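What follows is each chain in one-letter form.
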Amino acid sequence: MSAIEFSLWVWLGSALAGFLGALTGLGGGVVIVPLLALAFKVDIRYAIGASLVSVIATSSGAAAAYVKEGFSNIRIGLFLEIATTIGALLGAFLATRISSGAIAIIFGLVLIYSAYLSLKRQAHEQQQLPQDRIASLLKMNGSYPTPTGPWHYNVANVPTGFGLMFGAGTLSGLLGIGSGAVKVLAMDQVMKIPFKVSTTTSNFMIGVTAAASAGVYLGRGYVDPALSMPVMLGVLAGSFLGSRVLMRARVNILRMVFASVIVILGIEMIYNGFSGRL
């Protein structure tokens with residue numbers, strides 16, 4: 001395969017990853033890393049470096065549309081980003097001291113558990129929760145547009161969500177996935193934020209988290225411009241399309257897409273981690 005053909009295939013795969021990342025709040029990295037490591041036989045650390053660059057692109061491409069449409073909650077995103085950025089620096093440091101196989105196995109386990117949690121039905125999407133004192137103090141409660149008009153929601157369990165975001169940031173730095181899966185689930189399952197708000201706020205947050213991790217990978221030589229460029233361009237194109245589709249998609253369909261993609265990739269990563277193929 002020539003360099004041009006390689007770049008074209010990487011671009012096409014990255015466009016699909018960007019589409020799924022914008023649609024589900026995963027950030028694209030959850031598809032990019034397995035794609036590069038399994039299909040294109042790229043060293044997993046270089047795959048993570050390229051993924052982090054693409055995650056920044058996804059956040060830039062999709063978040064602007066979500067903020068304009070009124071889906072993202074900026075106050076929640078900025079507050080939780082404090083925890084994820086600190087965690088991302090820790091994860092990037094750990095990544096240079098853990099074997100590729102171990103990283104792949106951790107990656108797979110996180111994905112499968114995330115899929116299980118994402119399919120649990122959430123009653124808070126159909127009913128109004130009582131106001132939480134901390135959320136009210138930080139003015140986190142908000143609304144988002146629906147076909148029948150704005151839907152107002154209240155945020156719960158802010159301290160627990162903040163702690164989980166530190167773990168999400170650590171996974172971002174360690175796995176190069178932007179930690180969108182964990183962020184979405186923390187906001188959706190623990191903080192009781194509606195799923196569409198969780199996914200769009202996750203897209204808003206992941207760029208800052210990934211930038212903190214990418215600096216460490218760049219300093220250690222794991223960001224290859226020849227690989228990162230087609231990945232970034234593909235993800236930008238895919239995320240732009242995904243952001244348009246999300247605004248009209250049904251929540252239960254989003255959950256099924258979210259779970260199906262990450263279960264398949266999780267199993268594949270665990271298998272290859274144990275078999276020593278990464």
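Above this text you will find the structure in question.
Residues numbered from 1 in each chain as written. Predicted model: local features only at pLDDT ≥ 70, side-chain atom pairs only at ≥ 80, totals over all residues. Heavy atoms only, no water.

A. Representation of the overall build of the protein. When its secondary structure is counted, the protein shows 11 helices and 2 strands. Among the 278 residues that make up the protein, the fraction classed as buried is 56%. With an accessible surface of roughly 11,600 Å², the protein has 68% of that area assigned to carbon and sulfur atoms. (Helix = DSSP H or I, 4+ residues; strand = E, 2+ residues; numbered from the N terminus. Buried < 20%, exposed > 50% of the residue type's maximum accessible area, 1.4 Å probe, protein only. Areas by Shrake-Rupley, 256 points an atom, 1.4 Å probe, with all protein chains shown as cover.)

B. Helix α7 (residues 158-175), seen in detail. A rise of 1.5 Å per residue sets the reference length of α7, with its 18 residues, at 26 Å; its end C-alpha atoms lie 25 Å apart and thus fit the reference within 8%. Residues V158, G161, M165, A168, G169, T170, L171, S172, G173, L174 and L175 constitute the buried set of α7. (Expected span 1.5 Å × (residues − 1).)

C. Region of interest: the packing of helix α4 (residues 74-95) against helix α9 (residues 195-219). The contact between α4 and α9 brings their axes to 8 Å, and the two run at 30°. Comparing the axis directions of α4 and α9 gives the class roughly parallel. In the packing of α4 onto α9, the handedness of the crossing is right-handed. (Axes fitted to C-alpha atoms, helices over the stretch in contact; angles between N-to-C directions. Parallel < 35°, antiparallel > 145°, perpendicular 65-115°, else oblique. Left-handed = near helix turned anticlockwise from the far one by under 90°.)

D. Up close: the nonpolar core. Counting 67 residues, the largest nonpolar core has L36, V155, M165, M187 and I193 as its most contacted members. With residues up to four places along the chain from it excluded, the contact list for M187 reads I76, L80, M165, K192, I193, S198, T201, S202 and M205. (Core = buried A, V, L, I, M, F, W, Y, C linked by side-chain atoms within 4.5 Å. Contact = heavy atoms within 4.5 Å.)

E. Structural context of the packing of α4 against α7. Relative to each other, α4 and α7 sit at 35°, their axes nearing to 6 Å. As α4 packs across α7, the resulting crossing turns out to be right-handed. Of the residues in the contact of α4 with α7, the class split is 15 nonpolar, 7 polar and no charged. (Nonpolar A, V, L, I, M, F, W, Y, C, P; charged D, E, K, R; others polar.)

F. Highlighting the side chain of S228. Considering the arrangement of structural elements, one finds S228 in helix α10 (residues 225-246). The class for S228 is buried, based on a relative accessible area of 6%.

G. How the structure looks around the packing of aromatic side chains. If you walk through the whole model with that rule in mind, you get 6 aromatic pairs. Consider the rings of F6 and F40, whose centres lie 5.4 Å apart with planes at 80°: the pair is edge-to-face. Of this pair, F6 sits in helix α1 (residues 3-24) while F40 sits in the loop between α2 (29-39) and α3 (44-69), and the two are 34 residues apart along the sequence. Given the relative accessible area of 23%, F6 is considered partly exposed. Residue classification places F40 among the buried positions, given a relative accessible area of 18%. Seen in terms of ring centroids, F79 and F162 are 5.1 Å apart; in terms of plane orientation they differ by 45°. Their pairing is tilted. Of this pair, F79 sits in helix α4 while F162 sits in helix α7, placing them 83 residues apart in sequence. Aromatic ring contacts, followed pair by pair, group Y46, Y217 and Y222 into a single cluster. (Phe/Tyr/Trp six-rings, centres within 6.5 Å; stacked < 30°, edge-to-face > 60°.)

H. Just unusual backbone geometry, in detail. The backbone phi angle of K139 is positive, close to 55°, even though this residue is not glycine. Structurally, K139 is set in the loop between α6 (133-137) and β1 (142-144).

I. Quick look at α9. In this model α9 runs 36 Å from its N-terminal to its C-terminal C-alpha over 25 residues, within 8% of the 36 Å that 1.5 Å per residue would give. Maximal helix bending in α9 amounts to about 35°, located at M205. Just past α9, the residue G221 takes up positive phi, approximately 85°. (Bend = angle between axes of the 7 residues up to and from the residue.)

J. A look at the side chain of E81. Inspection of the secondary structure assignment puts E81 in helix α4. Once residues lying within four places of it in the same chain are set aside, the contact partners of E81 are K183, M205, I206, V208 and T209.

K. Summary view of a nonpolar patch on the surface. On the surface, M1, L8, W9, W11, L12, M229, L233 and L236 cluster together into a nonpolar patch covering about 820 Å² of accessible area. Tallying contributions element by element places α1 first for the nonpolar patch, with 4 residues. For W9, the location among the structural elements is in helix α1. (Patch = residues over 30% accessible without salt bridge, like charges linked within 9 Å, V, L, I, M, F, W, Y side chains within 5 Å. Salt bridge = Lys/Arg side-chain N within 4 Å of Asp/Glu carboxyl O.)

This is a description of form; function is not addressed.
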